[in-house]
Amino acid sequence: MNTRPLHASPTPPLGVLVCALAVAAALTLTAAAATPRASHTPLSSEVKMHFNRPTIFINGSPESPVIYALTDVPGGRWSWEELPQHNIRQFCAQGIRLFQVDLFFDHCWMPDGTIDISSAVRQIAGVLSACPDAGVFFRFHVTAPKWWMRNHPEEWARYADVEPREESNEGMPRIIEDDNGPTQRVSMASALWKSEATEKLRAFLNALAATPEGNALAGVQVANGIYGEWHNWGFFRNEPDVSPPMEQAFRTWLRARYGTDAELRKAWQDPGATLAGATVPGMADRITTAGIFRDPRSEQRTIDYYTCAHELVADNILHFGRTVKDTWPRPLITGTFYGYFFSVFGRQAAGGHLELHRILRSPDIDYLSGPQAYEPEALKLGEAYRSRSLIATIRLNGKLWLDEMDAEPTIPNSQAGNYDQILANGIAAVRRNVLFSATKGMGLWYYDFGVAGVDLDGFQYNARGSRGTWDHSVILEEIRKMKRLVDDRLSIPYRSDADVLFVYDTRSFYHTASLRGSDPVSNVLIDYATLAAFKSGVVFDPVHMEDLPRVDLAQYKVVVFGNVYLLTDEQRRDITGRVAGDGRTLVWFYAPGYSNGRSLSATAISALTGIRVSPMASKLPPEIDLNIPSDSASSPVTGTQVVAPLFSVRDPDAEIRGRFRETGEGAIAFKTFRNHRAWYVAIPNTGTEPLRHILRSAGAHVYARKGEIVYAGGGLLVVHMKEGGKHEITLRSGKQLTFTLPPGAHTLVLDPDTGALLLPIGMTESNPG
């Protein structure tokens, strides 16, 4: 178990900075937080690859990426207060040495222009008073403070479909309480905000670096946008920014891209377009003309707008990350919320994270992060907890991914009649949630809404007021054991045990419908196809299309292509010449390669897949009757909306395994080639079939067959199930294990090679192997 002091550096420290007398005199500390003002060894931190996994290094020593984080909610946000102190101390006792706290410009950028670092110093001091050898991360919100926003209405974001609304100030709301509505917020494109925020961030960092507490700073996560997660303001229900700052940014972007009016007119097919007079597309211009897709020949202006908006957000992240690194006197980890792909509610173009590689290629950001997936079927017992990122791509690019794990375990109160069962379910949940990240070679932080009395998941288990989300001795003991498991594997080369690869794309969303409810395919293809894989008992890795050429395909028996609608000629050649080989099975959904960025072509789908498809007309939501050997074969694949364009299989050499109910035309087909096999599925399903049948018949290793959720990698095999009873698990070696478990949910943690239990669990093994 790694419980060494973080401040014990194996290399000579870079020096201790002396606190300026003027700054020290300005600080006001509570008595509880005053003790840590003694000098500490300054922390230097970085993320680098270590045994094939991105790893945090503190003063040259590797540290497991496991963090405890307070919430930003009033009542639980200040580290020096009673309940946060208690929970920081509890996690410190379990071997956690990295802690995160929130800080906003509202706390330190005063209306008179001065910087007050007292809240920042107290936050660090509060952590150190409970865990003296801690390393502290700030989630620093560079969002304009509310007073600045009110003083600069000309810099506000303006929504394409509604006027900005004033937020409520009743009670003591979170600073980000109304972020998700079309509220008054400063535009991401505001040059004035960016300039002044940069200046104030530098001043803040310089002042903090001159304090003893600054020595304990291990990282800064730059935050802005909805909930600090770099979503465009209002993206969940509203359409983003048509403000004057955004229009100016759009014109600047177009000038850099096209250079002359003549080139702009050619791209937009608009003889009247000018770089100086270009405007942001309004609501009418955001409606697609080719069904789900944007035709580049007539909609390049809208494609350009969304591209500009996403590049602008990514560039802001990199700008503030670089500001932190350039200003801090020692090496310092920088992070951000970014890289969400799953569970983005179908709003990727409006406010998702589409410029992933712009972040991944930059040295200015060391880790990406995000809350775990919330839907579909992601948090309840028996469901597949998972990250929202293309996590294999994050690791391929040498960056660390940290899940914000805020899912509550069930913790019984002392009067519960089924106390033991509720607690056992809580253990099953926390094991599943925490160890998913470990099997992917990544990390997480425990984000504690409970200290502020927030019952995020509605469990209502606690009738005693606020408490930490994990504040129960049995749950904390589980956290200690899991930290030890992760620590023990930190020096073992990481290996993914997946033999299924899912390939997805972010830039395709520039070319598809962006308004709410206008794309009935992509969200199902992203969120439900991977859910079907989880329910199939296989293990898979999700990767970005751009990184496919870098993937060593030797371990993958099946490659599933998701929303790869937009492909370059080079990408097509790599797929047909390399991926489609070695006896692999390729699975194609809907419209792969339909666009090359210049035009749309059904012929291109056929050329890529080797299965001939043609457009078909339909006035009804599609239904597909399956013809596959499966328990679910009688249930049709059913869409909820009319899909256009829609394609049917017209290939005499392909076996038809599903037909459109409306026309009888082929909708699902299988075809054997000289060096590979391929499936084409016209529309994805929210159920497990036909993907479960495809994966199993293609030879993917099936660990379990009763709907258990399986994660495997990094020397861990984790199997989660909603109910006890008899469960059979087949290891990759072919060795079979049978477990007979008591009622309730369980998460088994096994050695993937031997099947030995790595964490104890109350059960009877009828065949321990």
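### What about the overall build of the protein?
Alright, step 1. A tally of regular secondary structure across the protein gives 19 helices and 28 strands.
Alright, step 2. Relative to a compact globule of 769 residues, whose C-alpha radius of gyration would be 27 Å, the protein shows 27 Å and is just as compact.
Alright, step 3. Along the first, second and third principal axes, the C-alpha atoms of the protein reach 85 × 75 × 50 Å.
Alright, step 4. Carbon and sulfur atoms provide 50% of the accessible area of the protein, an area that totals close to 26,700 Å².
Alright, step 5. Measuring between centres, the 77 positive side-chain charges of the protein sit 4 Å from its 84 negative side-chain charges.

### What to know about the nonpolar core
Alright, step 1. Among the nonpolar cores identified, the biggest contains 240 residues, and Phe99, Phe204, Tyr446 and Phe561 are the most heavily contacted of them.
Alright, step 2. No other element matches the 12 residues that helix α10 (residues 296-327) contributes to this core.
Alright, step 3. The residues touching phenylalanine 561, leaving out its near neighbours within four places in the chain, are Val503, Leu548, Ile575, Val579, Leu586, Val587, Trp588 and Phe589.

### A word on the sheet that holds strand β23 (residues 709-713)
Alright, step 1. Pairing within the open sheet is antiparallel, and its three strands lie in the order β23-β24-β27. Edge positions in the sheet fall to β23 and β27 (746-750), since each has one partner strand and no second. Across the sheet, the axes of successive neighbouring strands diverge by a mean angle of 10 degrees, strand direction being ignored.
Alright, step 2. Sheet analysis places β23 next to strand β24 (residues 716-721), joined by five bridges and oriented antiparallel.

### Here we look at the packing of aromatic side chains
Alright, step 1. Applying the stated criterion across every chain yields a total of 39 aromatic pairs.
Alright, step 2. Seen from their ring centres, phenylalanine 534 and phenylalanine 540 are 4.8 Å apart, and the 65 degrees between their planes marks the pair as edge-to-face. When sorted by exposure, phenylalanine 534 lands in the same class as phenylalanine 540, which is buried.
Alright, step 3. Grouping aromatic residues by their ring pairs yields a cluster made of Phe341, Phe342, Tyr385, Phe436, Phe502, Tyr504, Phe509, Phe534, Phe540 and Tyr711.
Alright, step 4. Against the face of tryptophan 80 rests arginine 122, its NZ or CZ located 3.9 Å from the ring centre.
Alright, step 5. Just above the ring of phenylalanine 540 sits the side chain of lysine 440; from NZ or CZ to the centre is 6.0 Å.

### What to know about the packing of helix α7 (residues 191-209) against α10
Angle between the axes and distance between the axes: these two values describe a pair of packed helices.
Alright, step 1. Contact geometry for α7 and α10: axes closest at 9 Å, N-to-C directions at 25 degrees. As the angle between them shows, α7 and α10 are arranged roughly parallel. Where α7 crosses over α10, the handedness of that crossing is right-handed. Across the interface between the two elements, Trp193, Lys194, Ala197, Thr198, Leu201, Arg202, Leu205 and Asn206 from α7 touch Asn316, His319, Phe320, Thr323, Val324 and Thr327 from α10.
Alright, step 2. Of the residues in the contact of α7 with α10, the class split is six nonpolar, six polar and two charged.

### Quick look at helix α3 (residues 82-93)
Alright, step 1. Across its 12 residues, α3 extends 17 Å between first and last C-alpha, which sits within 8% of the 16 Å expected from 1.5 Å per residue.
Alright, step 2. Residues of α3 that are buried include every one of Pro84, Gln85, Asn87, Ile88, Phe91 and Cys92, and no others.
Alright, step 3. Those residues of α3 that are buried lie in contact with β4 (66-70), β5 (98-104), α5 (118-130), β11 (443-448) and α15 (473-488).
Alright, step 4. Count one or two residues on from α3 and you reach glycine 95, which has phi positive near 100 degrees.

### Looking at the sheet that holds strand β3 (residues 61-63)
Alright, step 1. Taken together, the three strands give an open sheet; going across it, the order is β1-β2-β3, and neighbouring strands pair in antiparallel fashion. Looking at strand neighbours, the two that pair on one side only are β1 (45-50) and β3, the edges of this open sheet. Between one strand axis and the next, the sheet turns by 50 degrees as a mean value, whatever way the strands run.
Alright, step 2. Bridge count between strand β2 (residues 53-58) and β3: three bridges; the pairing is antiparallel. What sits directly across from phenylalanine 57, in β3, is proline 62.

What counts and how
Residues numbered from 1 in each chain as written. Predicted model: local features only at pLDDT ≥ 70, side-chain atom pairs only at ≥ 80, totals over all residues. Heavy atoms only, no water. Helix = DSSP H or I, 4+ residues; strand = E, 2+ residues; numbered from the N terminus. Rg over C-alpha atoms; globule rule 2.2 N^0.38 Å. Areas by Shrake-Rupley, 256 points an atom, 1.4 Å probe, with all protein chains shown as cover. Lys, Arg positive; Asp, Glu negative; His and termini not counted. Charge placed at Lys NZ, Arg CZ, Asp CG, Glu CD. Core = buried A, V, L, I, M, F, W, Y, C linked by side-chain atoms within 4.5 Å. Buried < 20%, exposed > 50% of the residue type's maximum accessible area, 1.4 Å probe, protein only. Contact = heavy atoms within 4.5 Å. Pairing = 2+ DSSP bridges. Axes fitted to C-alpha atoms, helices over the stretch in contact; angles between N-to-C directions. Phe/Tyr/Trp six-rings, centres within 6.5 Å; stacked < 30°, edge-to-face > 60°. Lys NZ or Arg CZ within 6 Å of the ring centre and 35° of its normal. Parallel < 35°, antiparallel > 145°, perpendicular 65-115°, else oblique. Left-handed = near helix turned anticlockwise from the far one by under 90°. Nonpolar A, V, L, I, M, F, W, Y, C, P; charged D, E, K, R; others polar. Expected span 1.5 Å × (residues − 1).

Everything listed here is a matter of geometry and, on its own, says nothing about what the molecule does.
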